[in-house]
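A look at the structure
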Amino acid sequence: MTTQFKKGVLELVVLLAVTKKDMYGYELVSEVSRFIDVGEGTIYPLLKRLTNERYFETYLAESSEGPPRKYYHLTRRGSMYKDDLLRQWIDFREKVDLFIKECDPHEQK
Amino acid sequence: MSKSEFLSQLRERLKVLNPHEIEDIIDEYSQHIDMKMQSGQSEEDAVASFGSVDELARQILEAYNVNPDYDKSRRAENAVGDWIHRFVRQLNNVTENILSRSRNSLVRLFVQFVVLVLVLLVLKLPIDWFFSLFSGYFGGTIFWPVSEIIGSLLWFLFGLLYLAICLYAVYVFLKKNGLLSPAGQKSEDGKDTDMKDNDKTPIKDVITEEVNAFFTSEDAAWEGEPSQQEPGPQPEDPTPGDGQEEPDAPQEEAKKSRRFPFGRGRENRRQAAQPAAVKPAPEHTGADHAFGRLILFALRIIMFFVLIPAVFCVFLIVVAFGAMVVCLFQGIVYFGPMLVILGLLLAAVPITAAITSFVFRGRAVK
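Remember, it's a predicted structure, so these values are computed and weren't measured experimentally.

This next bit is on helix 2 (residues 19–38) of chain B. Each α-helix winds once per 3.6 residues, and so residues spaced three or four apart point in a common direction. All names here are of chain B. With 20 residues, helix 2 ought to run about 28 Å at 1.5 Å a step, and its terminal C-alpha atoms sit 28 Å apart, in line with that. Among all positions of helix 2, only Ile22, Ile25, Ile26, Glu28, Tyr29, Ser30, Gln31, His32, Ile33, Met35 and Lys36 are buried. Residue asparagine 18 occupies the N-cap position of helix 2, its side-chain oxygen lying 3.0 Å from the main-chain nitrogen of histidine 20. Note on helix 2: the residue one or two positions beyond its end, glycine 40, has a positive phi of about 105°.

Residue-level contacts link 20 residues of chain A with 19 residues of chain B. Of the roughly 1600 Å² buried between chain A and chain B, counting both surfaces, carbon and sulfur atoms make up 53%. Broken down residue by residue, the surface that chain A buries against chain B is led by Tyr26, Glu40 and Tyr44 of chain A, which jointly contribute 37%. Where chain A packs against chain B, one counts four salt bridges. Our enumeration of links across chain A and chain B arrives at six residue pairs in polar contact (both at pLDDT 80 or more). Counting only elements with at least two residues in the side of chain A that touches chain B, the list comes to helix 2 (25–35), helix 3 (40–52) and strand 3 (69–74) of chain A. Ranked by residue count, the leading element in the side of chain A that touches chain B is helix 3 of chain A, at eight residues.

Residue and element names in this part refer to chain B. Structurally, the position occupied by lysine 3 is in helix 1 (residues 3–13). You can call lysine 3 buried: its relative accessible area is 18%. A distance of 3.5 Å separates polar atoms of two side chains, one belonging to lysine 3 and the other to serine 30. Other than its neighbours up to four places away in sequence, lysine 3 contacts Ser30, Ile33, Asp34, Glu43 and Val47.

The next thing to look at is the nonpolar core. Core analysis: the biggest nonpolar cluster contains 43 residues, and Val14 and Phe56 of chain A together with Phe6, Leu10, Leu14 and Tyr29 of chain B have the highest contact counts within it. Counting residues per element, this core draws most heavily on helix 1 (residues 3–20) of chain A, at eight residues. Apart from residues lying up to four places away in sequence, phenylalanine 56 of chain A is in contact with Val14, Leu15, Val18, Leu47, Leu50, Thr51, Tyr72, His73, Leu74 and Thr75 of chain A. Counting 15 residues, the second-largest nonpolar core is a separate cluster that includes Leu120, Ile127, Leu154 and Cys166 of chain B.

This part takes up the sheet that holds strand 3 of chain A. Within a sheet, adjacent strands bond to each other through the backbone by hydrogen bonds, running parallel or antiparallel. Strand order in the open sheet formed by three strands is 1-3-2 (chain A), and the pairing between neighbours is antiparallel. A strand with exactly one partner marks an edge of an open sheet, and here the two such strands are strand 1 (23–24) and strand 2 (56–61) of chain A. Alignment of strand 2 of chain A against strand 3 of chain A, held across six bridges, turns out to be antiparallel. Residue pairing in the sheet places tyrosine 59 of chain A in a bridge with tyrosine 71 of chain A of strand 3 of chain A. Sheet strands in contact with helix 1 of chain A are strand 1, strand 2 and strand 3 of chain A, and its direction is about 100° off that of strand 3 of chain A. Along the sheet, helix 2 of chain B contacts strand 1 and strand 3 of chain A; its crossing angle with strand 3 of chain A, the most-contacted strand, is approximately 105°.

As a further point, take the pattern of salt bridges. One pass over the full model with this rule turns up 16 salt bridges over all chains. Between lysine 48 of chain A and aspartate 24 of chain B there is a salt bridge, and its shortest N-O distance comes to 3.0 Å. Here lysine 48 of chain A is found in helix 3, whereas its partner aspartate 24 of chain B is found in helix 2 on a different chain. Judged by its relative accessible area of 24%, aspartate 24 of chain B is partly exposed. Where arginine 49 of chain A meets glutamate 53 of chain A, a salt bridge forms, and the shortest distance between an N and an O atom there is 3.6 Å. You can call arginine 49 of chain A partly exposed: its relative accessible area is 24%. In this structure glutamate 53 of chain A comes out as partly exposed when scored by relative accessible area, which is 32%. Counted as one network, the salt bridges with shared partners bring together Lys48 and Lys70 of chain A together with Glu21, Asp24 and Glu28 of chain B.

Right, let's get into helix 4 (residues 53–63) of chain B. Where helix 4 of chain B is concerned, the buried positions are Val53, Leu56, Ala57, Gln59, Ile60, Leu61 and Ala63 of chain B. Where the residues of helix 4 of chain B are buried, they touch helix 1 and helix 3 of chain A together with helix 1 and helix 2 of chain B. Phi for asparagine 65 of chain B, located one or two positions after helix 4 of chain B, is positive at around 60°.

Attention now goes to the packing of helix 1 of chain B against helix 4 of chain B. Residues and elements named next belong to chain B. One can describe the packing of helix 1 onto helix 4 by two numbers: an axis separation of 10 Å at closest approach and a directional angle of 45°. The orientation of helix 1 with respect to helix 4, classified from their angle, is oblique. Helix 4 is crossed by helix 1, and the crossing has right-handed handedness. Two secondary-structure elements touch here, helix 1 through Phe6, Gln9, Leu10 and Arg13 and helix 4 through Val53, Asp54, Leu56, Ala57, Ile60 and Leu61. Looking at the contact of helix 1 with helix 4, its residues break down into seven nonpolar, one polar and two charged.

Definitions and limits used
- Residues numbered from 1 in each chain as written.
- Chains lettered and ligands numbered in written order.
- Predicted model: local features only at pLDDT ≥ 70, side-chain atom pairs only at ≥ 80, totals over all residues.
- Heavy atoms only, no water.
- Helix = DSSP H or I, 4+ residues; strand = E, 2+ residues; numbered from the N terminus.
- Expected span 1.5 Å × (residues − 1).
- Buried < 20%, exposed > 50% of the residue type's maximum accessible area, 1.4 Å probe, protein only.
- Polar contact = N/O pair within 3.5 Å; in protein donor to acceptor, adjacent residues only side chain to side chain.
- Contact = heavy atoms within 4.5 Å.
- Buried area = accessible area lost by both parts, 1.4 Å probe.
- Salt bridge = Lys/Arg side-chain N within 4 Å of Asp/Glu carboxyl O.
- Core = buried A, V, L, I, M, F, W, Y, C linked by side-chain atoms within 4.5 Å.
- Pairing = 2+ DSSP bridges.
- Axes fitted to C-alpha atoms, helices over the stretch in contact; angles between N-to-C directions.
- Parallel < 35°, antiparallel > 145°, perpendicular 65-115°, else oblique.
- Left-handed = near helix turned anticlockwise from the far one by under 90°.
- Nonpolar A, V, L, I, M, F, W, Y, C, P; charged D, E, K, R; others polar.

Written as structure tokens, this is what we have:
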């Protein structure tokens, strides 16, 4: 997958990942990189940006080992933004799929 | 790149942000690297997975709507300044470290340095020999103007080589003796040599102690007299009768002295001190003693901080200039030693600066 594709979709993937439960940075990075091979260098700034735009809230929680971790929580605003992005993505994907079908020479009669 | 290097580079590039935010970011990245290392990755790999620091910092700054190139031109301008700053800091480290050494290790250090300089001077011989070999060869085989040009080029190259060797040797010497690390941290080598010393107090502490002792004794000398002038009940008086009269007497004397502040006041004060002499006797002798010590210390301070450095510097400068003149007349081949001597001359300045800064620090402590 090219970097451009990844970058566009990464925001949605990160938002979706946090929908299930609140996560801390490392957890989120490992979760996301299971599906998309992306450098940590890209995810953290993205988290920062989403937090600055108030799609995420952060809070510190003690962990059993090591220092307290910073957890990311999806806000209501973030949730709405995520739904919107998801709708756009599905819409976009359907259109692209349709176009692929149209352009496929074997399907054409 | 190690974790600490990575974090400090990142911190440097994020300087424009709020310090709280920077700490927040640094904490998170540091934790991430720690966790990666716990899961079995090496430190290098964990850091490498972030990609280039520049790109990362750029993306973070963009997340804050900061133009990542905000200080590009300033950074270029500052590059030279940074180098100078770094150099000065290293010099500072060296002087700080020298001052935190004990006397014995300092002497050893000095002897080692002299040996190093001698070795470097001797090293000039084979380099000269090679040079004359080469220039002789070219002079014999190539016609005149070209051989001259190649000869001077070679001379320049050899001089540069020798200079590089000298600088590198001094650098290694300083590093090996732990003089380049920030003061307070000692390298393993430094610790070893220090362990063998009998007298382990750093020379800095010795000097600071003496300076402090000097200034406290001076304070005692100044405060000793006024403290006796204070009117008021003195509970430790031997007889109650005296005790009742006494508080008045100094007050009256004090009034008198206020009336004649310049003439008799001084005498009165001394008289006022007389009746109370029984009690504050130890203090009084302490002040006398302190006065004696004051003179003694003043002499020693003058010796330590004025005469010795001055004589040392004058000596150094005279010797260095003499050597420079000799080198100049001996011809251009002695370029290397001349530079070393120039370096020594320059080194004399921070050393004297360090010594004088000591005097002022001692004063600030008390």
